Structure formats: C-alpha cells, structure tokens
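# Architecture at a glance
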Amino acid sequence: MSPKRLLGGLVKMISVNGLPLIGIDWEGMQDVIQPLCEAMNLTVNSHNMRQYVSKVAAGIDKEISMEVEGRLLSLKADIASKMRRSVLGLNAQFVDSKGELQKRTLAVAELAERHTGAYLKDEVFRILDHLGIRPQQIYSISIDNGSNMVKMASLMAKETLEDTGTYEFEEDLEGEEIVDGNHDEDERDLVVEGMLQELESIVSHTAVTVRCGAHTVQLVVSDACKEYQPELKKLSKLTVSYQNVKYKNFFDVSGGRYPPTPVATRWNSNYLMAVSLLDQKDFFDKLGQEFKELVTTT
C-alpha cells in the first residue's frame, strides 16, 4: 500500500461510489485508515480530502484538454433533476490519434438558474472554455426534444458562426486587398466573392444538431398510448393501492412482487407496470378475490 494508492482509493470512494466527504471523519472509517495514515505520515480528513478530490479533477481536466486539442468533437447533453436539484451532463466523442473512438465526460454541472436555452448555452460554453475547447471544434451536439435544449443548440450554432465569421473577416480586412485603394473593380469583386465563399464554408461547418432517437421514439409511443390513458390511469392507481400496509401480508405470504408505479418522466414505466401485472396475473386475480376493492377489470 502506497500513499498514492490510499488517497486514490478514497477519492474513488467519494467521486465514484458516493461516499460523502464527511464519511472520511466517521469513527469507523478513521479506525480503518488511521493506522495506514500513521505508517505513511499522512493526515486524512474531510477538509484535505476535498483538496485531493479537486486536485485529481484538475488533473483529469488537463488530460482531457490534451486529448481533444484540435480534434472534432460530437457532444451529448442532457439534464437530470431530482430532489430540487438539477445537473447538466456533457460528454464528448472523438477519434484519437490511433483512429479509435473515445468518449469522455466533460462535466456534470449543477444548474443554478431556470433552464432557458440561453442559460444552458452559456453553461456549455463555460465548460468548453474551461477545457480549452473552441466552439469551432464541435461537429455535432445530440440533445433531446425539449424546446430549451433545441434553443440551446440553435444559439450555440449562431454564436459560433458569428465569432468565426468576425475572426475570419477581420483578418481579411487587415489584408492589402481591402485597405489598398489602388485595386481595380474586378479585383475587388474577386475579394468579395472569396469572402462570400468563405462565409458559405463557415455556415456549412456549424455544429449539426442531432435529436436523440430514443427520446423521439418515446414521444411517438407516448402519443400512441394517449388512446389508452383511462385504462392506464386505473392501473396506475391500483399499483399505488397495492403498497398499502393492509395488503403487505398477502404479498409476503404469496410471494408476489409489487409492480412498478408509472412516472410521467420515466421512459417505459407504463410498459414495465403492464408487464409486471401480466406476468403475475394469477397472483393479482387472487388478490382481487381476497380484497374486492382491488379487482382488476381493465
């Protein structure tokens, strides 16, 4: 056991396995790590572990920056919300120097404002700037069909185009072809034509927006299920009723499994509920015979 391996393991427990920083100070944790720390002349607590985690994160950021430098990237962005907190996940796919496809998580950033397209655009650009990634490196960005995400991608493309165009044309305006007043009209026409071709090239290379295929299919399925909403609502209410303590003994004795309760924002939840009910049809028929209020007629 080396200091590097000990600290690396603790960092992994915090960043990967979900151990809270305060967990380092738990008496049981200190009983485990304190003998090792004494043997290695280390001091480990929640305060300095925060610094270790930040140092490791900075190292990973630097490594990612070097890997993606000058490479075209395909981004994927999504938002997750739970317990009044929201995070933006952003990852990138690229082809490395060996011609192999690589994927890196660029950030899992907590969102502090309303999820407007403008705010999300600023957050993505902040992450890219932190890693030294130029917007012109973005070949495509995959998003869901949320209007705010679509707006974000549109604003990113627009801002990238404006920045690129300004940069390129400012260089041209500094050239002799433009500032020298001795050129004839034909030469000026050629310069203007070249600038227009350059603009067309810039436009054609703005990031491609790719809407998530799985999310699109989910929307199609949701639309198709609208015809059966009354029946699905009845079944959903039943699955909630099954969790009443009144029926717990019947489930325990008969070995029944509680069907999952559908959630509007969770893909396939209606399907999983229906599969569970059908797979245990005999059990739920017996449950309905025992408790008349739970008879399934749908």
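Residues numbered from 1 in each chain as written. Predicted model: local features only at pLDDT ≥ 70, side-chain atom pairs only at ≥ 80, totals over all residues. Heavy atoms only, no water.

Across its full length, the chain carries twelve helices and five strands. Counting the 298 residues in the chain, one finds 31% classified as buried. In the chain, of all internal contacts separated by at least 6 residues, the share reaching a separation of at least 24 is 57%. As displayed, the chain offers around 19,800 Å² of accessible surface, 53% of which is attributable to carbon and sulfur atoms. (Helix = DSSP H or I, 4+ residues; strand = E, 2+ residues; numbered from the N terminus. Buried < 20%, exposed > 50% of the residue type's maximum accessible area, 1.4 Å probe, protein only. Contact = heavy atoms within 4.5 Å. Areas by Shrake-Rupley, 256 points an atom, 1.4 Å probe, with all protein chains shown as cover.)

We now examine the confidence of the model for the chain. Taken as a whole, the chain shows an average pLDDT of 85; of its residues, 84% reach a score of 70 or greater. Note on residues 166–183: pLDDT is under 50 here. Beyond four places in sequence and across chains, it has 20 contacts. (pLDDT = per-residue confidence, 0-100.)

Turning our attention to the nonpolar core. Counting residues in each nonpolar core, the largest one holds 28 residues, and the members touching the most others are Leu75, Leu106, Leu128 and Met152. Counting residues per element, this core draws most heavily on helix H4 (residues 117–130), which supplies six residues. Each residue touching Met152, except ones within four places of it in the same chain, is listed here: Ala77, Gly117, Leu120, Lys121, Val124, Ile141 and Ile143. (Core = buried A, V, L, I, M, F, W, Y, C linked by side-chain atoms within 4.5 Å.)

A separate point is the environment of Ser81. Following the sequence through the fold, Ser81 ends up in strand S1 (residues 73–82). When its relative accessible area of 55% is taken as the criterion, Ser81 is described as exposed. Here the alpha-carbon distance between Ser81 and Glu110, two residues 29 residues apart in the chain, equals 9.7 Å. Apart from the residues lying within four places of it in its own chain, the contact partners of Ser81 are Ser86 and His115.

Our focus in this paragraph is a nonpolar patch on the surface. On the surface, Leu72, Tyr139, Val208 and Val210 cluster together into a nonpolar patch covering about 370 Å² of accessible area. Note that Val210 resides in strand S5 (residues 208–211). (Patch = residues over 30% accessible without salt bridge, like charges linked within 9 Å, V, L, I, M, F, W, Y side chains within 5 Å. Salt bridge = Lys/Arg side-chain N within 4 Å of Asp/Glu carboxyl O.)

Within helix H12 (residues 281–290) the residues assigned to the buried category are Phe283, Phe284, Leu287 and Gly288. The arc enclosing the buried residues of H12, seen along the axis, measures out at 135°, which places them on a common side. Among the exposed residues of H12, those oriented more than 90 degrees off its buried face are Asp282, Lys286 and Gln289. Residues of H12 that are buried make contact with helix H10 (248–254) and helix H11 (269–279). (Arc of directions from axis to C-beta.)

Further remarks concern the packing of aromatic side chains. Applying the stated criterion across every chain, the model contains nine aromatic pairs. A ring pair is formed by Phe250 and Phe291, whose centres lie 6.3 Å apart and whose planes are at 80°; its orientation type is edge-to-face. Of the two residues, Phe250 sits in helix H10 while Phe291 sits in the segment after H12, which places them 41 residues apart along the sequence. Residue classification places Phe250 among the buried positions, given a relative accessible area of 18%. On the accessibility criterion, Phe291 (16% relative accessible area) is buried. A ring pair is formed by Phe251 and Phe283, whose centres lie 5.0 Å apart and whose planes are at 65°; its orientation type is edge-to-face. Residue Phe251 is found in helix H10, and its partner Phe283 is found in helix H12; the two are separated by 32 residues along the sequence. Its relative accessible area of 2% is what places Phe251 among the buried residues. Three or more aromatic residues link up through ring pairs in this structure, and these residues are Tyr242, Tyr247, Phe250, Phe251, Tyr258, Phe283, Phe284 and Phe291. (Phe/Tyr/Trp six-rings, centres within 6.5 Å; stacked < 30°, edge-to-face > 60°.)

In this model helix H1 (residues 3–15) runs 18 Å from its N-terminal to its C-terminal C-alpha over 13 residues, within 8% of the 18 Å that 1.5 Å per residue would give. Considered for burial, the residues of H1 that qualify are Leu6, Leu7, Leu10, Val11 and Ile14. Mapping the buried residues of H1 onto a view down its axis gives an arc of 130°, with all of them on the same face. Turned more than 90 degrees off the buried face of H1, the exposed positions are Lys4, Arg5 and Lys12. Elements that come into contact with the buried residues of H1 comprise helix H2 (27–40) and helix H3 (46–68). (Expected span 1.5 Å × (residues − 1).)

Judged by pairing direction, the sheet is mixed, and its five strands sit side by side in the order S3-S2-S1-S4-S5 without closing on themselves. The strands lining the two open edges of the sheet, one partner per strand, are strand S3 (101–110) and S5. Neighbouring strand axes in the sheet, compared pairwise and without regard to direction, differ in orientation by 20° on average. Here nine bridges tie strand S2 (residues 85–95) to S3, and the two strands are oriented antiparallel to one another. (Pairing = 2+ DSSP bridges. Axes fitted to C-alpha atoms, helices over the stretch in contact; angles between N-to-C directions.)

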